[in-house]
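Here are the chains, one letter per residue:
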Amino acid sequence: AQKVTQAQTEISVVEKEDVTLDCVYETRDTTYYLFWYKQPPSGELVFLIRRNSFDEQNEISGRYSWNFQKSTSSFNFTITASQVVDSAVYFCALSYYTGTASKLTFGTGTRLQVTL
Amino acid sequence: EAGVVQSPRYKIIEKKQPVAFWCNPISGHNTLYWYRQNLGQGPELLIRYENEEAVDDSQLPKDRFSAERLKGVDSTLKIQPAELGDSAVYLCASSLEDRGAYSTDTQYFGPGTRLTVL
């Protein structure tokens, strides 16, 4: 079964703190893709990153970084020096091939609240 | 470049009434998706189009939901009649194409339509 688990329902931090959002996935496929999306209060899902299963290099983009570890089936997301504008719900998603097409399955999301 | 456009942003209707949502994907994107997002959950796929063809509608409740994508661009999702349990956010997304097992294009989402059924 293809599944994404985001065990942290809600996280609250004070501005400038670092925060890590966990994502654990399950798949039997050897080729798959992992995504992170941000959903601010406006409702739109904003694409943050895509990573394929053959590329385990960590990635850094400004204050954002991602740690992909196939050994533990995890794709964690860290925000360094968090800001109030980072407050949103963050979704981890897994794209896998059904045999006829690729399909995206989402976790239940982690709500991040950053306060002053 | 314009993103995925959806309208209306909010809709409140009484149960048993019909409702329709409209989506305009990113220019050049052949694949279009409709998702439903219940409160506190991630989006779940309802239907996927490759150009004009609905290639995955296995999760679409066909007794009351219908969708179309005329000319392979804009799409409309309809519910008739609406039930209380249909209250959710309906998201439209698009991607360049679906290349199956060997690659997957990123899906870009619109702002969604928040439906409330009273």
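Residues numbered from 1 in each chain as written. Chains lettered and ligands numbered in written order. Predicted model: local features only at pLDDT ≥ 70, side-chain atom pairs only at ≥ 80, totals over all residues. Heavy atoms only, no water.

Asker: Got a minute to help me understand the interface of chain A and chain B in this structure?
Answerer: By convention, interface size is frequently given as the accessible area that disappears when the constituent parts associate. Tallying the contact residues gives 21 residues for chain A and 25 residues for chain B. Summing both sides of the interface, chain A and chain B together bury roughly 1800 Å²; the carbon and sulfur share of this comes to 52%. When residues of chain A are sorted by the area they lose upon contact with chain B, L45, S102 and K103 of chain A head the list and together hold 23% of the total. Counting the contacts that link chain A with chain B gives zero salt bridges. (Contact = heavy atoms within 4.5 Å. Buried area = accessible area lost by both parts, 1.4 Å probe. Salt bridge = Lys/Arg side-chain N within 4 Å of Asp/Glu carboxyl O.)

Asker: Teacher, can you tell me more about the pairing of strand β6 (residues 53-56) of chain B here?
Answerer: Within a regular strand, side chains alternate between the sheet's two faces. All names here are of chain B. Across three bridges, the pairing between strand β5 (residues 44-50) and β6 is antiparallel. Across the sheet, residue R48 finds its bridge partner in β6, namely D56. The antiparallel hairpin formed by β5 and β6 contains two residues in its connecting segment, where N51 sits at a positive phi of about 55°. (Pairing = 2+ DSSP bridges. Helix = DSSP H or I, 4+ residues; strand = E, 2+ residues; numbered from the N terminus.)

Asker: It is not clear to me how the pattern of salt bridges should be interpreted in this structure. Could you clarify?
Answerer: Applying the stated criterion across every chain, the model contains eight salt bridges over all chains. R51 of chain A serves as the salt-bridge partner of D55 of chain A, at 3.6 Å between the closest nitrogen and oxygen. Judged by its relative accessible area of 6%, R51 of chain A is buried. The partner of E83 of chain B in a salt bridge is R64 of chain B, and the shortest N-O contact between them spans 3.3 Å. With a gap of 19 residues between them, E83 of chain B in the loop between β8 (75-79) and β9 (88-95) and R64 of chain B in the loop between β6 and β7 (65-68) connect regions that are remote in the sequence. Three or more residues joined by partner-sharing salt bridges are found here, namely R36, R64, E83 and D86 of chain B. (Buried < 20%, exposed > 50% of the residue type's maximum accessible area, 1.4 Å probe, protein only.)

Asker: Can you walk me through the layout of surface pockets in this structure?
Answerer: Any empty space left between the atoms is revealed when a probe the size of a water molecule rolls over them. In this model, the largest pocket occupies a volume close to 650 Å³. Around the largest pocket, the lining is made up of 32 residues, and of these Q39, V89 and R111 of chain A together with L39 and R114 of chain B lie nearest the centre. When contributions to the lining of the largest pocket are tallied by element, the ones reaching two or more residues are β10 (88-97) and β12 (110-115) of chain A together with β9 and β11 (113-117) of chain B. Top contributing element to the lining of the largest pocket by residue count: β11 of chain B, with four residues. Grouping the constituent residues of the lining of the largest pocket by class yields twelve nonpolar, 16 polar and four charged. (1 Å grid on protein atoms, 1.4 Å probe; cavity = no way out; pocket = protein on both sides within 12 Å on 5 of 7 lines; lining within 4 Å. Points joined across faces, edges and corners; volume = space filled by probe spheres on them. Nonpolar A, V, L, I, M, F, W, Y, C, P; charged D, E, K, R; others polar.)

Asker: I would appreciate a short explanation of the confidence of the model for chain A in the present structure.
Answerer: Should pLDDT be low for a region, the predicted coordinates there are not to be read in detail. Taken as a whole, chain A shows an average pLDDT of 93; of its residues, 100% reach a score of 70 or greater. Mean pLDDT values over the elements of chain A span from 89, in strand β11 (residues 102-106) of chain A, up to 98, in strand β3 (residues 19-21) of chain A. (pLDDT = per-residue confidence, 0-100.)

Asker: Could you clarify how one ought to interpret the pairing of strand β8 (residues 64-69) of chain A in this entry?
Answerer: Residue and element names in this part refer to chain A. Taking every second residue as pointing to the same face, the buried face of β8 carries Y64, W66 and F68, while none of S65, N67 and Q69 on the other face is buried. Across three bridges, the pairing between strand β7 (residues 59-61) and β8 is antiparallel. Paired with I60 across the two strands is S65, which belongs to β8. Where β7 folds back onto β8 in an antiparallel hairpin, the turn is made up of two residues, including G62, whose phi is positive at roughly 65°. Bridge count for β8 against strand β9 (residues 74-79) is six bridges, and the pairing is antiparallel.

Asker: I keep staring at the sheet that holds strand β3 (residues 19-24) of chain B and nothing clicks. Help me out?
Answerer: In sheet architecture, strand pairing relies on hydrogen bonds along the backbone and comes in two forms, parallel and antiparallel. Residues and elements named next belong to chain B. Read from one edge of the open sheet, four strands run β1-β3-β8-β7, paired in antiparallel fashion. Of all the strands in the sheet, the pair left with one neighbour each is β1 (5-7) and β7. Each neighbouring strand pair of the sheet contributes to a mean axis angle of 15°, computed without reference to strand direction. (Axes fitted to C-alpha atoms, helices over the stretch in contact; angles between N-to-C directions.)

Asker: What am I meant to see in the nonpolar core here?
Answerer: One broad rule of soluble globular proteins: the nonpolar side chains tend to lie buried together. Ranked by size, the top nonpolar core spans 24 residues in total, and within it W36, F77, Y90 and L112 of chain A carry the most contacts. At the level of elements, β2 (10-14), β3, β5 (33-39), β8, β9, β10 and β12 of chain A are the ones that each hand at least two residues to this core. Looking at this core element by element, the count peaks at five residues for β10 of chain A. Formed by 21 residues, the second largest nonpolar core is a distinct cluster that contains V19, A82, C92 and V117 of chain B. (Core = buried A, V, L, I, M, F, W, Y, C linked by side-chain atoms within 4.5 Å.)

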